[in-house]
Amino acid sequence: MAELDRMEWYDLARTTSWTPKYVEQDELFPPEMSDPHNLPQDVWDTYDEPYKTTYRDYVRVQRDKDVGVYSVRAALGRSNFIEKAPEGWRSILKSHYGIIGAVEFTAAIYCSRAARFGRAGGMRNTGMFGILDEIRHGQLEFIFPHEYAKKDRQWDWAVKTYHTNNWTAIAGRHFIEDVMVTRDVPSSTLTNGFCLETGFTNVQFISLSADAARMGDYTFSNVVNSIQTDESRHAQIGAPNLEILVKNGKKDAAQHVLDLSFWRSWKLFLTLTGPAVDYYSPLDRREKSFKEFMEEWIIAQYERQIADMGIDHPWYWDIFLDELNYAHHGMHMGLWYWRPTLFWNPVAGVTPKERDWLEGKYPGWNDTFGKAWDVVIDNLLNGRKEKTLPETLPMLCNLCQLPIVAPPGTKTFKLHDHTHEHKGRLYHFCSEPCKWIFETEPDRYEGHLSLIDRFLAGEIQPMTVPGVLNFMGIAPGEMGDDPCDWIEAYRASVKAAS
Ligand code: MN
Ligand code: MN
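What comes next concerns the included structure.

The next point concerns the overall build of the protein chain. Assigned secondary structure in the protein chain consists of 24 helices and two strands. For 498 residues, the compact-globule formula gives about 23 Å, and the C-alpha radius of gyration of the protein chain, at 24 Å, lands near that figure. Dimensions of the protein chain along its principal axes, counting C-alpha atoms only, are 85 × 60 × 40 Å. Out of the 498 residues belonging to the protein chain, those deemed buried represent 57%. Within the protein chain, residue pairs in contact and separated by at least 24 positions form 77% of the contacts whose partners lie at least 6 positions apart. On the protein chain, roughly 21500 Å² of surface is accessible, and the fraction owed to carbon and sulfur atoms is 55%. Charge-centre separation for the protein chain: the mean point of 53 positive side chains lies 5 Å from the mean point of 70 negative side chains.

Below, the structure is given as structure tokens:
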């Protein structure tokens, strides 16, 4: 029998919708999982995924990708690159693996839900391949750091983080569970596929892959590249779904979930990728600033994509553009100051040369964040390192679970606790958009206790910094530190001046 071309049989082969005889349609596809809008089946049958693959092709391509990554690992395994790399580079890898690793497995659950509950055959098919992708990513993100664990316990946090009450894990779970695995399938293909996987993972993966190649870390560069090629394929599960919703009068619902996901994704990535790109990455290997990456990979791309789909800018667009100038600088400073809570050793990244670079990329940096760092520098120069370490906890947002930050010393004072009372409880938010997300779906978020709430409720004992660190599951030998050698650059200039 003559073989047919793939495109001659593909559509037919993945059209696996039928009319059930033994159960009701709603039992097979419960609306709360499959489609709360109750669109008719013939509408879902118009779902047309742009990237079409077959199992045979998929396995061949993925096998080649894995051979590529694992052979680079075998070839470079004894090069000891990671031990010779600067501390900032290790910070990037440790924070990446610890925060992203287990998320990959959660993403497999998200894809499984699409594979089981999607109303369109194409969505179920894409979801099926997505499961295999995400399992592969989880395995990669665990096995690479695992071989370093014998040298340094912080690498163990690649696997450990998600099973702890470390604040990064509380914030990460709150976000990931919201956008990946606790909404109906069509909404999740937008919050996760269209928004998070299409745009934001690029910022982390492409920017780091470029930096890694310049660093000579070909292992990491290959890992993240290999993962991102899968992401850009299975992320496409969202676009045809968005098209269906907009065409069938559900634009407002789509706009809502996209806006909440965009904001929440921004919060996570400013915390993870912002410090990595603008502070941890060695100065002589930097290509672009975090803001420049955001402008290229998020603003330009996301704007074009939503315009194509008939979706508007999020209502808070101006707030987002404003935060782009300062939020990650504030977060970096907070990470450094609360470094014992981290499972990496955050470098400060504020030597005079690095400050020149920051001032060039973010005019005004020296007059705002620079002045706050001057206080830290003064303390270090005068032997008061204890003043650069935490004695209390920062105020955390009840939605994103991240500290409230603002640029210091500016005339327009931005630091603001946005509060909201709901069922007799006072909630605190870092920003208008976080407050808006909570207010539009309070039932979803009302029961959650932030780290601060748990502290004030007496769940963390003793009520001291060591008590909090113990609650977070972080032990001496794992907790972040900075030997502060960088201060010598300032001591030299103080000497030269006197
Ligand atoms: Mn993935
Ligand atoms: Mn993915």
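Here the residue pair Q461 and P462 is connected by a cis peptide bond, since its omega of -10 degrees sits within 30 degrees of zero. Turning to its location among the elements, P462 is positioned in the loop between α22 (451-456) and α23 (465-471). For K423, which is not glycine, the phi torsion reads 45 degrees and is therefore positive. Topologically, K423 is positioned in the loop between β1 (418-422) and β2 (425-429).

When a metal carries six donors in an octahedron, the ideal angles between them are 90 or 180 degrees, while four donors in a tetrahedron ideally lie at 109.5 degrees. Within the protein, the manganese ion (ligand 1) binds to E104 (OE), E134 (OE), H137 (ND1) and E231 (OE); these donor distances fall in the range 1.9 to 2.2 Å. We note that the donor set of the manganese ion (ligand 1) lies within a single chain, spaced as E-x29-E-x2-H-x93-E. Distance-wise, the manganese ion (ligand 2) is placed 3.6 Å from the manganese ion (ligand 1), both being coordinated by E134. A residue pair is termed a helical-turn pair when its members lie 3 or 4 positions apart in one helix, as E134 and H137 do in helix α8 (residues 121-146) at three residues. Comparing E134 with H137 shows no difference in burial state: the two are buried.

What follows is about the coordination of the manganese ion (ligand 2). Taken together, the protein ligands of the manganese ion (ligand 2) are E134 (OE), E197 (OE), E231 (OE) and H234 (NE2), with distances of 1.9 to 2.1 Å. Between the donor residues of the manganese ion (ligand 2), the gaps in sequence give the motif E-x62-E-x33-E-x2-H.

Next up on the list: the packing of helix α19 (residues 369-381) against helix α24 (residues 488-497). Where α19 contacts α24, the axes come no closer than 10 Å and their chain directions differ by 75 degrees. By the angle between their directions, the pair α19 and α24 is classed as roughly perpendicular. Only Y490, R491 and V494 of α24 make contact with α19, whose side of the interface consists of I377, L380 and L381. Of the residues assigned to the contact of α19 with α24, the class counts are five nonpolar, no polar and one charged.

What follows is about the pattern of salt bridges. Overall, the coordinates contain 37 salt bridges when judged by the stated rule. In this structure, R63 engages D64 in a salt bridge whose closest nitrogen and oxygen atoms are separated by 3.9 Å. If you follow the salt bridges from partner to partner, you end up with K65, D66, D133, R136, D230 and R233 in one network.

A probe as big as a water molecule, rolled over the atoms, marks out the empty space that is left. What the rule picks out here adds up to six cavities of 30 Å³ or more. Looking at the largest cavity, its volume works out to about 170 Å³. If you go around the largest cavity, you meet 19 residues; those closest to its centre are I100, V103, M180, L196 and T201. Put simply, the parts of the chain that give the lining of the largest cavity at least two residues each are α7 (87-117), α10 (167-181), α11 (185-215) and α14 (251-280). The space that makes up the second largest cavity amounts to roughly 80 Å³. At the level of secondary structure, the elements contributing two or more residues to the lining of the second largest cavity comprise α8 and α12 (218-234).

Here we come to the nonpolar core. One finds W266, F320 and W486 to be the most contacted residues of the largest nonpolar core, which totals 137 residues. Per element, the largest residue contribution to this core is 15 residues, and it comes from α14. The residues contacting W266, other than those within four sequence positions of it, are F200, F290, M294, F320, E323, L324 and A327.

Position of D278 relative to the elements: it lies in helix α14. Here D278 is buried and forms no salt bridge, its nearest opposite-charge partner R286 lying at an N-O distance of 5.9 Å. Residues within four places of D278 in sequence aside, it is in contact with R286, S289, F290, H328, H329, W357, L358 and Y362.

A surface patch of negative charge is lined by E24, D26, E27 and E32. Tracing the chain through its elements places E27 in helix α2 (residues 25-28). The exposure class of E27 is exposed, given its relative accessible area of 53%.

Okay, the side chain of S91 next. Of note, S91 is situated in helix α7. On the basis of relative accessibility, which here comes to 0%, the residue S91 falls in the buried class. Dropping the residues within four chain positions of it, S91 is found in contact with Y280, W344, N345, P346 and V347.

In this model, the largest pocket occupies a volume close to 680 Å³. Along its surface, the largest pocket is lined by 33 residues, and G330, M333, G334, W338 and V405 are the ones closest to its centre. Secondary structure elements with two or more residues in the lining of the largest pocket: α17 (327-337), α19 and α22. At seven residues, α17 tops the list of elements feeding residues into the lining of the largest pocket. Among the residues making up the lining of the largest pocket, the classes are represented as 26 nonpolar, six polar and one charged. In this structure, the second largest pocket encloses a volume near 310 Å³. In terms of lining, the second largest pocket is formed by 23 residues, of which the most central are E87, V347, A348, G349 and W486. Broken down by secondary-structure element, the contributors of at least two residues to the lining of the second largest pocket are α7 and α14.

Take the pairing of β1 next. When a strand is regular, its side chains alternate between the sheet's two faces. Of the two faces of β1, the one lined by H418, H420 and H422 is fully buried and the one lined by T419 and E421 carries no buried residue. Here β1 pairs with β2 via five bridges, running antiparallel. Bridge assignment links E421 to a residue of β2, and that residue is L426. Here β1 folds back onto β2, and the loop between the two strands holds two residues, one of which, K423, carries a positive phi near 45 degrees.

Parameters at a glance
Residue numbering note: each chain is counted from 1, following its sequence as written. Chain A is the first chain written and ligand 1 is the first ligand written, with later ones labelled in order. In view of the model being predicted, local features appear only for residues whose pLDDT reaches at least 70, and side-chain atom pairs are presented and counted only at 80 or more, with totals across whole chains, interfaces and linings using the full set of residues. Side-chain measures were taken over the full set of non-hydrogen atoms in the model, leaving aside hydrogen atoms and water. Runs of E in the DSSP output that reach at least two residues are strands. Runs of H or I that reach at least four are helices, and both are numbered from the N terminus. We take the radius of gyration over the C-alpha atoms and set the globule estimate at 2.2 Å times the residue count to the 0.38 power. Note on exposure labels: buried denotes an accessible area under 20% of the residue type's maximum, exposed denotes more than 50%, and partly exposed covers the range between, all computed with a 1.4 Å probe on protein chains only. Two residues qualify as a contact provided that any one of their heavy atoms is within 4.5 Å of a heavy atom in the partner residue. For the accessible areas, the method is Shrake-Rupley and the probe is 1.4 Å, while residue cover comes only from the protein chains on display. His is not counted, nor are the chain ends, whereas Lys and Arg count as positive and Asp and Glu as negative. Charge placement uses NZ in Lys and CZ in Arg. For Asp and Glu, CG and CD serve respectively. Counted as donors are N, O and S atoms no farther than 2.8 Å from the metal, or 3.2 Å for Na, K and Ca; water is not among the atoms, and sites may therefore look incomplete. Fitting a line to C-alpha atoms yields each axis, with helices limited to the stretch in contact; the angle taken between N-to-C directions then spans 0 to 180 degrees. Our angle categories are set so that under 35 degrees counts as roughly parallel, over 145 as roughly antiparallel, 65 to 115 as roughly perpendicular, and the remainder as oblique. Under the convention adopted here, Pro, Cys and the residues Ala, Val, Leu, Ile, Met, Phe, Trp and Tyr are nonpolar, Asp, Glu, Lys and Arg are charged, and Gly plus all remaining residues are polar. Between Lys or Arg on one side and Asp or Glu on the other, a salt bridge is scored when a side-chain nitrogen of the former is within 4 Å of a carboxyl oxygen of the latter. With a 1 Å grid spanning the protein atoms alone, the term cavity applies to any set of points in which a 1.4 Å probe fits but cannot get out, the term pocket to an open set with protein on both sides within 12 Å along at least five of seven lines, and the term lining residue to any residue with an atom within 4 Å of a point. Grid points are joined across faces, edges and corners, and a volume is the space filled by probe spheres set on the points. Side-chain atoms within 4.5 Å link the members of a nonpolar core, which is a set of buried Ala, Val, Leu, Ile, Met, Phe, Trp, Tyr and Cys residues. Residues qualify for a patch when their relative accessible area is over 30% and they have no salt bridge, like charges being joined within 9 Å and the nonpolar side chains of Val, Leu, Ile, Met, Phe, Trp and Tyr within 5 Å. We call two strands paired when DSSP finds no fewer than two bridges between them.

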